[in-house]
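Understanding the architecture of this molecule
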Amino acid sequence: MFEIISNDILAENLHKLVVSAPRIARARKAGQFVMVRLAEGEERIPLTIGDADAAAGTISLFIQAIGASTRRIVDTPAGGFIRDVAGPLGKETHIANWGRVVCVGGGVGTAVLFPLVKALAEAGNQITTIIGGRSSRYIILADELTPLSETFLVTTEDGSLGYKGFVTGPLSEILADPERIPQAVFAVGPVPMMRAVAEMTRPQGIETIVSLNPIMIDGTGMCGGCRVQIGTETKFACVDGPEFDAHLVDFDGLGDRLTSYRQNEAEAVRHAAEDCKLAKEAAL
Amino acid sequence: MTNKISAKDRMAIERTAMPELPAEVRSRNFEEVNLGLSYQQALDEARRCLQCKNRACVAGCPVGVSIPEFIDALASEDLPRAAQVLRGDNALPAVCGRVCPQETQCEALCVRGVKGESVAIGYLERYVADWAMRHPDLLLTEAAPAATGKSVAVVGCGPAGLTAAGELARKGHKVTIFEALHDTGGVLRYGIPEFRLPKEIIDREVAVLSRLGVAIECNVIIGKTLTISELSSEFDAVFIANGAGLPTMLNIPGENLKGVYAANEFLTRVNLMEAGRREDCNTPIIKSREVAVIGGGNTAMDCVRTARRLGAERAMIVYRRSEAEMPARVEEIKHAKEEGVEFVMLTAPLAIIGNDQRWVSGLRCQRMELGPPDESGRRKPSPVPGSEFELSAGVVINAVGTSANPLLTATAPDLALNKWGNIVASETGETSIPGVFAGGDIVRGGATVILAMGDGKSAAAAIDEYLKRK
Ligand SMILES: Cc1cc2nc3c(=O)[nH]c(=O)nc-3n(C[C@H](O)[C@H](O)[C@H](O)COP(=O)(O)OP(=O)(O)OC[C@H]3O[C@@H](n4cnc5c(N)ncnc54)[C@H](O)[C@@H]3O)c2cc1C
Ligand SMILES: Cc1cc2nc3c(=O)[nH]c(=O)nc-3n(C[C@H](O)[C@H](O)[C@H](O)COP(=O)(O)OP(=O)(O)OC[C@H]3O[C@@H](n4cnc5c(N)ncnc54)[C@H](O)[C@@H]3O)c2cc1C
Ligand code: SF4
Ligand code: SF4
Ligand code: FES
């Protein structure tokens, strides 16, 4: 049993949970995740370790409540328990001093991006962070990311904060400016956003790394459910990733496999709306 | 006593048939198919045993269970003794009685099988083990061992790890099992379905270990949460039994379509996560009226029979050799047939085909014919030219095999591996690192429960020796 030390609401449907997990807190590296099962009968779901405090024996999880499992987790108050937390899983981010780096986060991808930005900043990179959301209410971790970034940009679809539009807007300006062109780009977010970023950096051959989010069961390479096509190879995102060279990822396949369990009518409706929005974003 | 029965009378008794749930009932639920023998049936079957001096059957059992001795105790109606004999040789008799491929092991060498039917050793083993579980109060109690003050870490809670833990605890060592998943049993829980091996049996075996003082820590992934070198410095010895859980991909087109599962994923969803089996379960599973399972081993049989229970009207085994070459236990093949599973033999998949939504719609196949035996002694299949055809299917399950998972070994550079990634270990489990032992599927590649247990037992003995020297 893993105790929830605190449970704070950061934005609509976005919670930060601090969970007691001393061994994981000690072992984890940036880019790794845990498999979480709230209680008997619940799903096992992957969640990025947003931050960790080895001395306190705690890890932080940033959770976007999008479906049954995430909702029930964020509904568990501080003092409550998560039955199973296993990790840290996945490969750690390859951190180097690239020089100029652009980090792009969309939606809950921002939470996954946060530990990367932290590690990249510690390695001495000059970081431009671009965070996108539907409106100002969905912009998360701005206070945490600002001090780590040389330039911190926000985009909202309704223009309620920062640039009006998508993250791809400011990114294309940066890519077009020889003074600001980065040596590496990290992008985490919805599949269409990551695909769009990959296409934008491909012509210039800028190293681009994405963190993929396929459906996972065990997270240890045992089931093969998280397989993704990377170039000509099939990889298991839980052990070979979750980070991959964006220019080799089969985003169509990934996006498609993520819909495997979208049978329920209500879900289908909600996703239709979301896909429409994402498709617009991808078209940019 | 049994010796009152003449050999002729023993020979006259016919092999007892295992009572089963009717196929039409069981192919729609997950209840255990084999109901177990009645007391009278067990006694009759036990009396068929000739108590051979040369104990041919024992040589067929990988752990050398004292077969005539436990059967004699049963025939003499001394069940506590029968249970004690069995326990002395086999830590998980209730499991082995159910899942050992007896027809190629103990029963294959039984002298009664030469002219007629062999003694049903597996049924009897199960009978005695189930009796022992129901009558813990009547069992001959073991004296608690004196604590040695030595500690051992066991990696993996499958049959090899469970066996080693029990043996070591009985010698007075402090044992901690680390298990990556959230529950115990390894393949026994996440792989082998409830209709062959009720989970209650694993729970009871685990409870026995807990009473012996074994600590079990789930959600600890060795190689990730803790490393082998951390275990080595914290414990006096380490036994690695993390299995061979890495699915082999088919590497044919269409493998990433929706509705294509590797057997491990399909079985884990249904067995471990209880998808499709309980109302309040949140783990989904894709169901289809037509399911094709590729492979011919126990895993393939478990998948196809599970698919049938989830509602498939047409559940098919697609196998590239013929039924005679299938590695699955004969009982599973028989049960699958009774449950309406179709056997599409001498057929190899060429591609998985999908519809425009990228959902599986079928399997493109090719007929095969058998040539002369290959290195493995099995007749080698080769394609029949121009024999391509399509099978319609909404779910395709790949059950062609598993290999060693590198998750743990990748973080233990001093651990010697063979070219397939299996840990190199001696007969008694010694690896290239002093004080670190290994056994079960991680050493052998996908093998059997009884071989994994045998490894756990011999490694425990070697660890005990090592700890005495240390
Ligand atoms: C390596 C990794 C790290 C992740 N880190 C985080 C994190 O830090 N914070 C966070 O909030 N989420 C994270 N996710 C995503 C999270 O695991 C999913 O949101 C969660 O599994 C959905 O479960 P649910 O029951 O709430 O929703 P469901 O009802 O299962 O799903 C709702 C909808 O989301 C889609 N979906 C299902 N699984 C995923 C998935 N893995 N990714 C995207 N969409 C999915 C489904 O198609 C479904 O229609 C991560 C995923 C991966 C693979
Ligand atoms: C579907 C199926 C059906 C089968 N049917 C039969 C049958 O009828 N008869 C028969 O004799 N054999 C059968 N087998 C084979 C048999 O189950 C295996 O040979 C046996 O379980 C191997 O035992 P093991 O202890 O070596 O490993 P496993 O049973 O695989 O257990 C290994 C355990 O280690 C855990 N683990 C893995 N990595 C780590 C890590 N890094 N850290 C901590 N823990 C870890 C795993 O989660 C697992 O619990 C079947 C196998 C399958 C898959
Ligand atoms: S353990 Fe298996 S092989 Fe050995 S006697 Fe029992 S059933 Fe037969
Ligand atoms: S070989 Fe058969 S008959 Fe002889 S002792 Fe063994 S089980 Fe009994
Ligand atoms: S989640 Fe099972 S192999 Fe990656």
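Bear in mind the structure is a predicted one, so any value in this text is a computation, not a measurement.

Comments concerning the overall build of chain B
- Within chain B one finds 20 helices and 16 strands.
- Relative to a compact globule of 470 residues, whose C-alpha radius of gyration would be 23 Å, chain B shows 23 Å and is just as compact.
- Taking the principal axes of the C-alpha coordinates as reference, chain B spans close to 65 × 60 × 50 Å.
- For chain B, long-range pairs separated by at least 24 residues make up 69% of all intrachain contacts whose partners lie at least 6 apart in sequence.
- As displayed, chain B offers around 19000 Å² of accessible surface, 52% of which is attributable to carbon and sulfur atoms.

Overview of the site of ligand 2
Residues and elements named next belong to chain B.
- Near ligand 2, the surroundings consist of 34 residues, among which V99, E179, R196, I222 and D441 are the closest.
- Between a nitrogen atom of ligand 2 and a main-chain N or O atom of V99, the distance comes to 2.7 Å.
- Summarising the interface, the protein chains cover 93% of the accessible area of ligand 2, which totals 1000 Å² for the free molecule.
- Put simply, the parts of the chain that give the shell around ligand 2 at least two residues each are α11 (159-170), α16 (298-309) and α20 (449-469).
- Here the shell around ligand 2 takes 3 residues from α16, the largest share from any one element.
- Broken down by class, the residue content of the shell around ligand 2 amounts to 19 nonpolar, 10 polar and 5 charged.
- Counting only domains with at least three residues in the shell around ligand 2, you end up with domain 2 (151-245 + 404-469) and domain 3 (248-401).

A few points about the nonpolar core
All names here are of chain B.
- Formed by 74 residues in total, the largest nonpolar core has its most connected members in I67, F70, L74, L124 and F239.
- Here the element with the most residues in this core is α20; it accounts for 10 residues.
- In terms of domain composition, this core takes at least three residues from each of domain 1 (7-138) and domain 2 (151-245 + 404-469).

So, the interface of chain B and chain A
- Every contact between the two is made by 41 residues of chain B and, on the other side, 42 residues of chain A.
- Approximately 3400 Å² of surface area, both sides summed, lies buried where chain B meets chain A, with 52% of it carried by carbon and sulfur atoms.
- If you sort the residues of chain B by the area they bury against chain A, K224, N256 and N282 of chain B come out on top, with a joint share of 18%.
- Inspection of the region where chain B meets chain A yields 3 salt bridges.
- R358 of chain B is the salt-bridge partner of D256 of chain A, the closest N and O atoms lying 3.2 Å from each other.
- In this assembly, chain B and chain A are joined by 21 residue pairs in polar contact (both at pLDDT 80 or more).
- Only β5 (246-247), β6 (260-262) and α15 (263-272) of chain B provide two or more residues apiece to the side of chain B that touches chain A.
- Among the elements that take part in the side of chain B that touches chain A, α15 of chain B stands out by supplying 4 residues, more than any other.
- Grouping the amino acids of the side of chain B that touches chain A by side-chain chemistry returns 21 nonpolar, 11 polar and 9 charged.

Observations regarding the site of ligand 1
All names here are of chain A.
- In the vicinity of ligand 1 lie 25 residues, with P46, F62, Q64, T70 and L258 positioned nearest.
- One nitrogen or oxygen atom from the main chain of S69 is found 2.9 Å from an oxygen atom belonging to ligand 1.
- The protein chains hide 90% of the 860 Å² of surface that ligand 1 would expose on its own.
- Breaking the shell around ligand 1 down by element, the ones donating at least two residues are β4 (45-48), β6 (58-64), α2 (68-74) and α9 (265-283).
- With 4 residues, β4 is the single largest residue contributor to the shell around ligand 1.
- Within the shell around ligand 1, the residues separate by chemical class into 15 nonpolar, 7 polar and 3 charged.
- Both of domain 1 (2-89) and domain 2 (100-258) provide at least three residues apiece to the shell around ligand 1.

Focus on the packing of aromatic side chains
Residue and element names in this part refer to chain B.
- This structure, assessed with the given rule, holds 7 aromatic pairs over all chains.
- Seen from their ring centres, F437 and Y466 are 5.9 Å apart, and the 70° between their planes marks the pair as edge-to-face. Highlighted residues: F437 in strand β16 (residues 436-438) and Y466 in helix α20, separated in sequence by 29 residues.
- For F437, a relative accessible area of 3% gives the class buried.
- In this arrangement the basic side chain of R15 is found over the ring face of Y123, its NZ or CZ atom lying 5.2 Å from the centre.

Observations concerning the pattern of salt bridges
Residues and elements named next belong to chain B.
- Tallying each qualifying case throughout the model produces 51 salt bridges over all chains.
- The shortest N-O distance in the salt bridge between R196 and D302 comes to 2.8 Å. Remark: D302 occurs in helix α16 and R196 occurs in the loop between α12 (187-190) and α13 (199-211); sequence separation between them is 106 residues. Just as R196 is buried, D302 falls in that class too.
- Linked by salt bridges that have partners in common, E20, R26, R196, D302, R305, R309, R329, E331, E332, K334, E338 and E339 make up one network.

Thoughts on the environment of R211 of chain B
- Counting through the fold element by element, R211 of chain B comes out in helix α13.
- In this structure, the C-alpha to C-alpha distance between R211 of chain B and L50 of chain B, residues 161 residues apart in sequence, is 38 Å.

A look at the sheet that holds strand β3 (residues 215-217) of chain B
Residues and elements named next belong to chain B.
- As summarised here, the arrangement of the 5 strands in space is β3-β2-β1-β4-β16, forming an open sheet in which the pairing is parallel. The open sheet has two edge strands with one neighbour each: β3 and β16. Between one strand and the next, the sheet's axes are offset by a mean angle of 20°, whatever the strand orientation.
- Inspection of the sheet shows strand β1 (residues 151-155) paired to strand β4 (residues 237-240) by 4 bridges, in the parallel sense. For V152, the partnering residue across the bridge sits in β4 and is A237.
- Against the sheet, α20 contacts β1, β4 and β16, and its axis sits at roughly 170° relative to β4.

A look at the side chain of E265 of chain B
- Within the secondary structure, E265 of chain B is located in helix α15.
- With a relative accessible area of 4%, E265 of chain B lands in the buried category.
- Once you skip the residues sitting within four places of it in the chain, E265 of chain B turns out to touch I217, C223, G224, G225, R227 and Y261 of chain A.

Regarding unusual backbone geometry
- For the bond running from G87 of chain A to P88 of chain A, omega is 0°, close enough to zero to count as cis.
- With respect to the secondary-structure elements, P88 of chain A resides in strand β8 (residues 84-89).
- Residues G241 of chain A and P242 of chain A are joined by a peptide bond in cis, for which omega reads 10°.
- You can see P242 of chain A is positioned in the loop between α7 (237-240) and β17 (243-245).
- Although it is not a glycine, Q51 of chain B adopts a positive phi angle of roughly 55°.

Some thoughts on the environment of T220 of chain A
Residue and element names in this part refer to chain A.
- With respect to the helices, strands and loops of the structure, T220 is situated in the loop between β14 (207-211) and β15 (227-230).
- The exposure class of T220 is buried, given its relative accessible area of 9%.
- In sequence terms T220 and I4 are 216 residues apart; their C-alpha atoms lie 24 Å from each other.
- Engagement of the side chain of T220 in a polar contact is seen with the side chain of D218, the distance being 2.6 Å.

Brief notes about the domain arrangement of chain B
All names here are of chain B.
- You can read the domains of chain B as domain 1 (7-138), domain 2 (151-245 + 404-469) and domain 3 (248-401).
- Computed from C-alpha coordinates alone, the two centres of domain 2 and domain 3 are separated by 30 Å.
- Counting from both sides, the interface comprises 12 residues of domain 2 and, opposite them, 14 residues of domain 3.
- Between domain 2 and domain 3 the total buried area reaches about 1100 Å² when both faces are included, carbon and sulfur atoms providing 56% of it.
- When the area that domain 2 buries against domain 3 is broken down by residue, the three leading residues are Y190, F195 and R196, summing to 53%.
- Linking domain 2 with domain 3 are 3 salt bridges, by the criterion used here.

Parameters and conventions
Residues numbered from 1 in each chain as written. Chains lettered and ligands numbered in written order. Predicted model: local features only at pLDDT ≥ 70, side-chain atom pairs only at ≥ 80, totals over all residues. Heavy atoms only, no water. Helix = DSSP H or I, 4+ residues; strand = E, 2+ residues; numbered from the N terminus. Rg over C-alpha atoms; globule rule 2.2 N^0.38 Å. Contact = heavy atoms within 4.5 Å. Areas by Shrake-Rupley, 256 points an atom, 1.4 Å probe, with all protein chains shown as cover. Near = heavy atom within 4 Å. Polar contact = N/O pair within 3.5 Å; in protein donor to acceptor, adjacent residues only side chain to side chain. Nonpolar A, V, L, I, M, F, W, Y, C, P; charged D, E, K, R; others polar. Domains from an automatic or database assignment. Core = buried A, V, L, I, M, F, W, Y, C linked by side-chain atoms within 4.5 Å. Buried < 20%, exposed > 50% of the residue type's maximum accessible area, 1.4 Å probe, protein only. Buried area = accessible area lost by both parts, 1.4 Å probe. Salt bridge = Lys/Arg side-chain N within 4 Å of Asp/Glu carboxyl O. Phe/Tyr/Trp six-rings, centres within 6.5 Å; stacked < 30°, edge-to-face > 60°. Lys NZ or Arg CZ within 6 Å of the ring centre and 35° of its normal. Pairing = 2+ DSSP bridges. Axes fitted to C-alpha atoms, helices over the stretch in contact; angles between N-to-C directions.

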